[in-house]
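# Fold and geometry: a report
Residue strings, one per chain:
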Amino acid sequence: MKTRVLPLVMAIVILLSSCSGGSYTEYEFMMDTNCSITVYSRADRDAVAPVFARLRELDRALDRFNASGDVARVNLSAGQSPVEVSPEVFGLISRAKELCEMTAGAFNPLLGAVSDLWGFDRAEHESVPSQTEIAGLLEACDISNLVLDADSCSVYIADERARLDLGAIAKGYAGQVASQLLAELGVERAIVNLGGNVTVLGSREDGRPWRVGIQNPEADEGGYFATVDCSDTSVVTSGAYQRYFDLDGVRYHHILDPSTGYPAESDISSVTIISPDGALADALSTACFVLGSRNAEELCRRCGVQALILTTSGEIIRLEQ
Ligand code: AMP
Ligand code: MG
């Protein structure tokens with residue numbers, strides 16, 4: 001059986017505009033992707049290092065593969081005992097559970113074991129998981145198995161087979177945290193780019209909004225099919241083109257339909273959510289992809305978020321709120 005692994009496409013959103021003056025960008029690889037922070041004055045440079053330090057700490061806590069982090073510890077104790085986590089991590093996990101319920105399960109943070117079965121993080125793919133393996137795990141992913149106790153800030157996974165995976169919400173949340181911290185440190189305008197999940201702080205020097213380009217799934221990195229003008233907000237995109245592998249002529253991508261455990265068969269090629277609430281934008285981008293364009297529109301209206309959807313037939317749907 002021939003295996004071909006295609007590269008992970010990370011930069012899904014590029015920035016088209018900058019201030020008229022100089023800019024200063026620092027890069028770091030974290031959250032399994034290329035991250036950057038851009039500020040627009042010499043004085044703001046000092047704010048960048050503490051923000052990266054904060055992001056690194058958050059990454060450690062939320063990365064399910066980092067054994068010393070809160071999420072990994074919760075997973076290690078699945079089916080055994082509740083684990084106390086930091087109030088911040090508890091808050092994000094609670095939010096993830098709420099968003100699972102709000103999206104009728106299309107966003108499900110308890111799918112980690114099924115993702116592991118598919119192995120999108122592996123370099124080589126010899127086979128796809130069997131229907132039996134997937135079906136056996138799916139029932140363990142029911143969100144009722146994520147048991148939260150706010151008094152003790154503890155999290156318990158009630159089924160030993162299930163794993164918590166915040167991959168569909170963490171970067172959106174982190175972007176907003178970074179932007180807030182920059183503002184607290186006195187920065188007025190900045191761009192935080194966490195692997196294409198962009199959070200913009202303030203607006204351009206001349207008062208106009210930032211212009212964010214949305215990656216064309218068909219083009220090389222840097223090609224865009226639309227732009228979004230925005231200030232003080234997060235711009236988060238999900239698409240099948242971001243992480244996948246090809247096997248025997250079939251493409252398997254990383255966004256799973258929680259009702260089947262298989263890569264979601266969506267009529268969406270890429271969906272971008274624009275919201276000042278980064279965690280919401282991130283979770284909704286994933287959920288919308290799973291739901292398909294019609295239900296995605298309804299969900300975005302219900303949540304009061306702006307969205308940009310590119311369908312597989314090439315139609316562009318813009319939802320303004
Ligand atoms: P995103 O790029 O934000 O759409 O998130 C995709 C990542 O979230 C995947 O790489 C998985 O780790 C995880 N994931 C996949 N499908 C789902 C889903 N339906 N709900 C929640 N997380 C998911
Ligand atoms: Mg997401």
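Refer to the structure presented above.
Quantities reported herein were computed from a predicted structural model and do not represent experimental measurements.

### Overview of the nonpolar core
Side chains that are nonpolar tend, in soluble globular proteins, to be buried together. Among the nonpolar cores identified, the biggest contains 75 residues, and Leu 55, Phe 107, Leu 164, Leu 166, Ile 169, Leu 182 and Ile 273 are the most heavily contacted of them. In this view, Leu 164 contacts Arg 64, Val 71, Val 74, Asn 75, Ile 93, Pro 109, Leu 110, Leu 146 and Ile 157; residues no more than four positions away in its chain are not counted. Core analysis: the next-biggest nonpolar cluster, separate from the first, contains 15 residues, Ile 191, Trp 210, Ile 214 and Cys 230 among them.

### As for the coordination of the magnesium ion (ligand 2)
Around the magnesium ion (ligand 2), the protein contributes the donor atoms Ala 168 (O), Asp 282 (O), Asp 282 (OD) and Thr 286 (OG1), at 2.0 to 2.5 Å from the metal centre. Read N to C, the donor residues that coordinate the magnesium ion (ligand 2) are spaced as A-x113-D-x3-T. Of the two residues, Ala 168 sits in the loop between strand E7 (154–157) and helix H6 (170–184) while Asp 282 sits in helix H7 (residues 278–291), which places them 114 residues apart along the sequence. Given the relative accessible area of 18%, Ala 168 is considered buried. Assessed through its relative accessible area of 5%, Asp 282 is described here as buried.

### Quick word on the site of ligand 1
Close contacts around ligand 1 come from 17 residues, with Asn 108, Asp 165, Ser 238, Leu 256 and Thr 286 the closest. One of the backbone N or O atoms of Leu 256 is found 2.8 Å from a nitrogen atom in ligand 1. The separation between an oxygen atom of ligand 1 and a polar side-chain atom of Thr 286 is 2.7 Å. Out of a free accessible area of 500 Å², ligand 1 has 89% covered by protein chains. Counting residues per element, the shell around ligand 1 draws most heavily on H7, at 3 residues.

### Describing the sheet that holds strand E5 (residues 83–84)
One open sheet accounts for 3 strands, arranged E5-E7-E6; its pairing is antiparallel. Two strands close off the open sheet at either side, each with one partner strand: E5 and strand E6 (146–149). Here E6 runs beside E7; their pairing, made up of 4 bridges, is antiparallel. Within E7, the residue paired with Leu 148 across the bridge is Val 155. Each of E6 and E7 touches helix H3 (residues 87–102); the most contacted strand, E6, lies at about 135 degrees to it.

### Considerations on the sheet that holds strand E15 (residues 268–275)
Spatially, E3-E4-E8-E9-E12-E15-E16-E17 is the arrangement adopted by the 8 strands of the open sheet, whose pairing is antiparallel. In the strand order of this sheet, the two ends are held by strand E3 (24–30) and strand E17 (316–319), each with one partner. The sheet shows a mean angle of 10 degrees between the axes of neighbouring strands, taken without regard to direction. Both strand E4 (residues 33–39) and strand E8 (residues 190–194) contribute to a ladder of 5 bridges, which runs antiparallel. Across the sheet, the residue bridging to Ile 37 is Val 192, located in E8. Against the sheet, H6 contacts E4, E8, strand E9 (197–201) and strand E12 (233–239), and its axis sits at roughly 155 degrees relative to E8. Its contacts with the sheet place H7 against E9, E12 and E15, and it is angled at close to 160 degrees to E15.

Basis of the calculations
Residues numbered from 1 in each chain as written. Chains lettered and ligands numbered in written order. Predicted model: local features only at pLDDT ≥ 70, side-chain atom pairs only at ≥ 80, totals over all residues. Heavy atoms only, no water. Core = buried A, V, L, I, M, F, W, Y, C linked by side-chain atoms within 4.5 Å. Buried < 20%, exposed > 50% of the residue type's maximum accessible area, 1.4 Å probe, protein only. Contact = heavy atoms within 4.5 Å. Donors = N, O, S within 2.8 Å, 3.2 Å for Na, K, Ca; no water. Helix = DSSP H or I, 4+ residues; strand = E, 2+ residues; numbered from the N terminus. Near = heavy atom within 4 Å. Polar contact = N/O pair within 3.5 Å; in protein donor to acceptor, adjacent residues only side chain to side chain. Areas by Shrake-Rupley, 256 points an atom, 1.4 Å probe, with all protein chains shown as cover. Pairing = 2+ DSSP bridges. Axes fitted to C-alpha atoms, helices over the stretch in contact; angles between N-to-C directions.

None of the figures reported here should be taken as evidence of function without further support.
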